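Observations on chain architecture
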Amino acid sequence: MAKAVGIDLGTTNSVIAIMEAGEPTVLVNNEGNRTTSSVVAFKEDQRLVGQVAKRQAVLNPTGTLFEVKRYIGRTWDEIKHEAERAPYDVVKGEDGGVRFVVGDKKYTPEEISALVLRKMVDDASTSLGEKITKAVITVPAYFNNSQREATQNAGKIAGLEVLRIVNEPTAASLAYGLDKKGNETVLVFDLGGGTFDVSILEVGDGVFEVRSTSGDTHLGGSDMDYAIVNWLAEDFKKEYNVDLRKDKQALQRLLEASEKAKIELSGLPESTISLPFIAMDPASNAPLYLEKKLTRSTFEDLISPLLGRVRGPVEQALKDAKIGKDEIDEIILVGGSTRVPAVKKIVKDMLGKEPNQTVNPDEVVALGAAIQAGVLIGDVEDIVLLDVTPLSLGVETKGSVFTKLIERNTTVPVRKTETFTTAEHNQTGVEVHVLQGERSMATDNKSLGRFKLEGFPPMPAGMPQIEITYDIDANGILHVTAKEKSTSKEASITIQNTTTLAEDEVERMVNDARAHAEDDRKAREYAEAKNQLDSLRLQAKKVVDDAEGATDDQKAPVLKAVEEVEAALGTDTPKERLEELTKELAEKLQAFQQELGAAGAAAGEAGSAAEADEDDVIDADFKPAG
Ligand code: AMP
């Protein structure tokens, strides 16, 4: 049977694993290592990948590409600030994406990631003695559509069939929970090189259900490295008036030395950073040395602002899962940065429980991905994997209201259909505006795309039945379909990477929604009051128009009320007044219908669409049916 591997494509390191004799097993690379540095270097006409690329980074700072995962699937505008601090050249691509420039060549993040994937798969094929063609690749839970698709494309460029993109924390708990029998609530705390993810899952009886996820894509071990770099560089600048960060080679050496010191401090109380010939003295032209001792407590001071940032996502994840910290049965640590003692301590302080340390934080994600690969090719049975969507998805309806179809933290794959209708008479089409976010009004959320459903016959407002279906597949990619039921006309969209949603944007949106909850509620209630009055106005006009036996005198009170309503709808009328007008118009309409009914002329109910005027204008106005 074809072999399928699981790959943890990490920011700093990547790991590949496979199911062997019913157990997930890490595969070593050609250098004999269980992890492969996610680094690619171009040197003359050589292309180096992994440890060899990392090792020559200092001598080749502009030709060595690392932390490429930070850029994958992002637009230049989202990432330009991070690009500034990289020792290599990053520029804006013609498509608004990111390009790495090495010599006279430009590379996309997908191409570079593909080289890392290719090396891992080739090495694994060698050690297994069998060609590998299929893989499950993991991504942070907070990766948006665009980042997931770009990762999938990296796999394709590497010649792999990507069976599935799986969230890293989900993979971790999969590896952890394989042997577990009872039901447990697990919190996965994943602090890697570049990203932080926290997820809460229900694990038991072979079922993994993600209850909530949260995180920060701009927080990881490399931020700790930069904190040390800045501390060293500031000090050096004060002493010698030379900013080492401006020299790419010096910056690369500082980064490596800082990472080394950080790792040492996980086991030792202090570490000495020693960098001979780091710069030339501008005054004397003599070589300058950097030698400095870093204690664990100074290091902890340096990273304390970074550590503080893990609290928010943890609290958010608990809140979204609707559980208290006491209900967490197990805490799993994932990612190399959880080896920092201060990180373990903050997790314990926050959650009041020792994290489980039996699982290797560097390998657990790849092991879980291997299990998932095994499930997908039928090697592993009795496991169901359920993931969640990180933000709510919905559609813009009349009055700029954001109507949610799928709530955030809903388990995927998921398919939801709701029926909408037109808000105006004789609409022959609608525009479906797909949005993502937590705010009540469409304009405050993120637009993912729009499409038109047109060509159905003119009908009175409220009559067309437009079914809108949101379908998120197992890879977290969204397909939206709209169908008008009477004609079966259909239109759809797959959300491509036209717009992307950075995780800081996700956080901002969730926080904004909380901060503006009261304003949003008012805006929504106002829009709803206006919509209700407008619907009633349309209904009233139609009833009057269709009431053939009615005299002008009988119609007059309703038409007068309609006129008043139209004036009110055109201005910023207070909500209370809109409600009064709704009540008044409803009463007048009821009286009119009663009078007419008494005269036996209630024939005018549902009017014929054929009599309606043709109106070909596509109008975005539509609303939930019923
Ligand atoms: P990952 O993305 O999970 O491979 O995590 C890589 C990050 O973990 C890098 O920033 C490493 O510097 C960091 N790291 C690895 N080992 C340790 C350690 N023993 N102590 C502190 N940080 C570590």
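Below or above, wherever it landed, is the structure these notes cover.

Considering only enclosed or pocket space, the largest pocket measures out at about 1,000 Å³ in volume. Lining the largest pocket we find 47 residues, and of these Thr12, Asn13, Gly193, Glu259 and Gly336 sit closest to its centre. Those elements giving two or more residues to the lining of the largest pocket turn out to be strand E2 (13–20), strand E4 (36–37), helix H1 (51–55), strand E7 (64–66), helix H6 (221–240) and helix H7 (248–265). Residue contributions to the lining of the largest pocket peak at 6 residues, all from H7. Of the residues in the lining of the largest pocket, the class split is 11 nonpolar, 23 polar and 13 charged.

This part takes up empty space enclosed by the protein. Summed over the entire model, instances satisfying the criterion amount to 7 cavities of 30 Å³ or more. Within this model, the second largest cavity holds a volume of roughly 120 Å³. Lining of the second largest cavity is provided by 16 residues; of these, Leu9, Gly10, Val68, Lys69 and Ser113 occupy positions nearest its centre. Of all the elements in the fold, those that place two or more residues in the lining of the second largest cavity are helix H3 (109–128) and strand E11 (132–139). With 3 residues, the top contributor of residues to the lining of the second largest cavity is H3. A class-by-class count of the residues in the lining of the second largest cavity yields 8 nonpolar, 6 polar and 2 charged.

A few words now on the sheet that holds strand E28 (residues 489–494). With antiparallel pairing, the 5 strands of this open sheet are ordered in space as E28-E27-E26-E23-E29. Pairing within the sheet leaves two strands with one partner each, and these edge strands are E28 and strand E29 (622–624). Sheet twist, expressed as the mean angle between neighbouring strand axes with direction ignored, is 25 degrees. Summarising the sheet, strand E23 (residues 414–422) and E29 pair through 3 bridges and their orientation is antiparallel. When the bridges of E29 are listed, threonine 421 appears paired with lysine 623.

Rules behind the numbers
Positions within a chain are numbered from 1, following the residues in the order the chain's sequence is written. Reporting of local features is limited, given that this is a predicted model, to residues whose pLDDT is at least 70; pairs of side-chain atoms are given and counted only at 80 or more, and all residues count toward the totals for whole chains, interfaces and linings. Remark: hydrogens and water are excluded; side-chain values derive from all non-hydrogen atoms of the structure. In this analysis a 1.4 Å probe is tested at points of a 1 Å grid over the protein atoms alone, and where it fits but cannot get out there is a cavity; an open set with protein on both sides within 12 Å along at least five of seven lines is a pocket; lining residues have an atom within 4 Å of a point. Grid points are joined across faces, edges and corners, and a volume is the space filled by probe spheres set on the points. For helices the rule is a DSSP run of H or I covering at least 4 residues; for strands it is a run of E covering at least 2, with both sets numbered from the N terminus onward. Lys, Arg, Asp and Glu make up the charged group, whereas Ala, Val, Leu, Ile, Met, Phe, Trp, Tyr, Cys and Pro make up the nonpolar group; the residues left over, Gly among them, are polar. For two strands to pair, DSSP has to find at least two bridges joining them. Each axis is a line fitted through C-alpha atoms, taken for helices only over the stretch in contact, and angles between the N-to-C directions span 0 to 180 degrees.

As far as function goes, none of this settles anything; it's purely spatial.
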